[in-house]
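Per-entry structural report
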Amino acid sequence: MELVVRKNDLLRELQLFQGIVERKNTIPILANVLMEAKGDEVRFLATDLEVGLRSQCAAAVAKGGALTLPAKKFYEIVKSLPETDIRIAEDKGGVKVAADRFDSRMQTLPREDFPTLPEHAGTSGAPRATLPRAAVKEMVAKTAFAITGEDTRYFLNGALFVLRPDEMSLVATDGHRLALVTVARGGGAAERGGGEDEVKAILPKKTLGELSRLLQEGDADIQYERGENHLFFDVGGRLLISRMIDGQFPAYERVIPKGNDKKIEFERDRLTSAVKRVALLSNERSRAVKFQIENGRVDVTSSSPDLGEAKETLPIEFTGSPMQICFNAQYVLDFLSAVSTDVVSLELKDEVSQAVMKPVGAEGYDYTYVIMPMRV
Amino acid sequence: MDAFYASVEQRDTPSLRGQPVAVGGQPDKRGVVAAASYEARAFGVHSAMSMVKAVRLCPSLVIVPPDFSRYKAASNAVFSIFREVTPLVEPLSLDEAYLDVTENLWGETLGTAVAKRLKARIRAETQLTASAGVAPNKFLAKIASGWKKPDGLTVISPERVEPFLQQLPVDALWGVGPVTAKKLRARGIDRLVDVRSADVETLRDTVGSLADWLRQLANGVDDRPVVPNREVKSSGSENTYPADLTDLDTIRAEIAEMAAHAISWLARKELLARTVTIKVRYSDFTTITRSHSAAPSRDETDLTARAVRLLEKTDAGRRPVRLLGVSVHNFCSAADDDRLPFGERNAE
């Protein structure tokens, strides 16, 4: 293999692979990126066996071929080079990367050892759809934080994606709180349901992170396809390949309360500041903050046997019998930083039932955040 | 630590040095020996013995009422020395702990060297002596620490494990008390190594679920890691009364007070308890416990009422009561409790 590629073209692709490659280094080749030069482009592939990414950039290929090299070091070298042409050439079991007066040689690992990944669903009847880019970005940002990432119940280590003909939803929970975003969508001509009304899949947390990274630049919509074990997201020619989490996602509809008749609206900024300040003296383990609600006001309070106690009063519109309810401050703050509306609502039934938080006046999406109160 | 409470007393009160000392309650108040000095042990006095018996064995015994604040302070000093060596310190009590010194902050390569330095540091800082056992695993280290006392240091290097095991009686093990030992001996299992050749079924019939664990230990195998900050499983208190209690209202009040004590502990630890247990020992020493489980709580009215109600399942008031106790178990934290009700399938 021998080729010349522009530094910025190469760097732009390589940085997308930095989150993909395996960091634990249990299987050495998973820390490598596979490079294949052919025609007038060079293609890249990396995976940690959970998530994979396929991309490419233009290159002047003098001699085709394929090799694998350490993704992180390769990226660091390319990043450190001036904006110029980079010469890459296979060299007796290694690879030379050179530019200007800089010369380097890196170890490669055999191309044959690199795992093969499916790059499409394989069957012609597999469900597929075009997903609007902005909506997906919104959905991921508002749910991904609620995934635990280390729960023994592996189906909670991902978010459930539900695709219906006229809308789509993404829902995530760690068993204590739940975030659900639903966005309307119009089905396109190339759409296929694969014979299902609802096309469901559990996406690993890492997939969501990499997907939102791919969505940071450009304006292309997403071509989505669900295979038997893998999911495929084509974002402007880059293909994210994700393993699908096998398992039964909890019946999330069941924990979304319907009869929460007490509704309080807050200015988002004021509530955020109050909870942040009061939480400084919350118990370090439970992070509990209490909302003491009465006519016209809420006292947000905390206390910790080792530290002391704190209180901040917020004026609200509320009439009804006084009540108090306790939440993990972090769960409340996670929601408040995920939404962007000026006003948010808190809907309650009683002290022990699930509370619901929503952005007030949000356009284009429906966001429901359910928190289980703490008994203290 | 060697004869810990008694040693602290002898350290702090010079006139007690060289005397047979027992820390505990007075014999006429039905006191029990909490710790005995080595001088007292020579007379056969040991902890958990009734003070009446201790005085009978050793008429010159000096009885000192316990002062836990000083023991706690001495314990804190010793544990901070432990933590200078490694964060992997697993406390067993105020005066005993496992330390994993495989890697240690002192940079010592030999466990023996760590033990020597620890003993010297403890003596210099607290004027108390400690006995140490150095071994490849927890069960051997525990036995080794008790092998030579006071001021002992017993090392079981890997190549000495087998000869050491050969000489252990079966009741050298933690968890094998007199009753189990007797049962094992009746089946010809006298030494720990006899467990190796014992028939599995016989062993299981004799000691039940302990069988597999015993077989591992008999082969010197113990993979349990040293776990710092082991979670507390229960908390409570009990009280032996100077005179038997017969009045039910007094008994109720005592239970309520001990329950309140357990609840304030829960509040400090930010824990909730599912189960409350009471213990009643009648004047004839028969002892019973009664438990009640419900939704996690640390509500004072609720838990106290449950504890007091448990008295109805005892003969307290009809039979004289010598000892009462209240404890709480099955903890969960407030944070563990705020689970969304997904239903049975995902409740776990």
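So, here is what we can say about the structure in this document.

Conventions adopted
- Residues numbered from 1 in each chain as written.
- Chains lettered and ligands numbered in written order.
- Predicted model: local features only at pLDDT ≥ 70, side-chain atom pairs only at ≥ 80, totals over all residues.
- Heavy atoms only, no water.
- Pairing = 2+ DSSP bridges.
- Helix = DSSP H or I, 4+ residues; strand = E, 2+ residues; numbered from the N terminus.
- Axes fitted to C-alpha atoms, helices over the stretch in contact; angles between N-to-C directions.
- Buried < 20%, exposed > 50% of the residue type's maximum accessible area, 1.4 Å probe, protein only.
- Contact = heavy atoms within 4.5 Å.
- Polar contact = N/O pair within 3.5 Å; in protein donor to acceptor, adjacent residues only side chain to side chain.
- Phe/Tyr/Trp six-rings, centres within 6.5 Å; stacked < 30°, edge-to-face > 60°.

1. Points about the sheet that holds strand S11 (residues 321-333) of chain B
All names here are of chain B. The strand order across the open sheet formed by four strands is S8-S11-S9-S10, and the pairing between neighbours is antiparallel. In the strand order of this sheet, the two ends are held by strand S8 (234-245) and strand S10 (287-297), each with one partner. Each strand axis lies, on average, 15 degrees off the axis of its neighbour in the sheet, ignoring direction. In the sheet, S8 pairs with S11 via eight bridges, with the strands oriented antiparallel. Paired with Thr 240 across the strands is Leu 323, a residue of S11.

2. So, unusual backbone geometry
Here the residue pair Lys 149 of chain B and Pro 150 of chain B is connected by a cis peptide bond, since its omega of -5 degrees sits within 30 degrees of zero. With respect to the element layout, Pro 150 of chain B can be found in the loop between helix H6 (138-147) and strand S7 (153-155). Unlike most non-glycine residues, Lys 92 of chain A shows phi in positive territory, near 35 degrees. Position of Lys 92 of chain A relative to the elements: it lies in the loop between strand S7 (85-91) and strand S8 (94-99). Exposure remark for Lys 92 of chain A: the relative accessible area of 73% places this residue in the exposed category.

3. Concerning the environment of Glu 167 of chain A
Residue and element names in this part refer to chain A. As for its placement among the helices and strands, Glu 167 is situated in strand S12 (residues 167-173). Glu 167 has contacts with Val 162, Thr 182, Val 183, Ala 184 and Arg 185, leaving out every residue within four places of it along the chain. A distance of 2.8 Å separates the side chain of Glu 167 from the side chain of Arg 164, its partner in a polar contact.

4. Observations concerning the packing of aromatic side chains
In total, this model carries 15 aromatic pairs over all chains according to the counting rule given. With a centroid separation of 5.2 Å and 25 degrees between ring planes, the pair formed by Phe 335 of chain A and Tyr 369 of chain A is classed as stacked. Remark: Tyr 369 of chain A occurs in strand S25 (residues 366-371) and Phe 335 of chain A occurs in helix H6 (residues 329-338); sequence separation between them is 34 residues. Comparing Phe 335 of chain A with Tyr 369 of chain A shows no difference in burial state: the two are buried. Their ring planes at 85 degrees and their centres at 5.5 Å tell us that Tyr 5 of chain B and Phe 68 of chain B sit as a pair that is edge-to-face. One end of the pair, Tyr 5 of chain B, is in helix H1 (residues 4-12); the other, Phe 68 of chain B, is in helix H4 (residues 68-85), and 63 residues separate them in sequence.

5. A closer look at the sheet that holds strand S9 (residues 102-107) of chain A
Residue and element names in this part refer to chain A. Ordered by their spatial adjacency, five strands build an open sheet running S5-S1-S7-S8-S9, and the pairing between neighbours is antiparallel. Strands with a single pairing partner mark the edges of an open sheet, and in this sheet they are strand S5 (60-63) and S9. Here the average twist between neighbouring strands, direction ignored, is 20 degrees. Direction of pairing for S8 relative to S9: antiparallel, over a ladder of six bridges. The residue bridging Val 95 from the neighbouring strand is Met 106, located in S9.

6. Topic: the pairing of strand S5 (residues 96-99) of chain B
Side chains on a regular strand alternate between the two faces of the sheet. All names here are of chain B. Pairing of strand S4 (residues 89-93) with S5 involves four bridges; the strand directions are antiparallel. Paired with Val 89 across the bridge in S5 is Leu 99. Between the end of S4 and the start of S5, which pair antiparallel, lie two residues.

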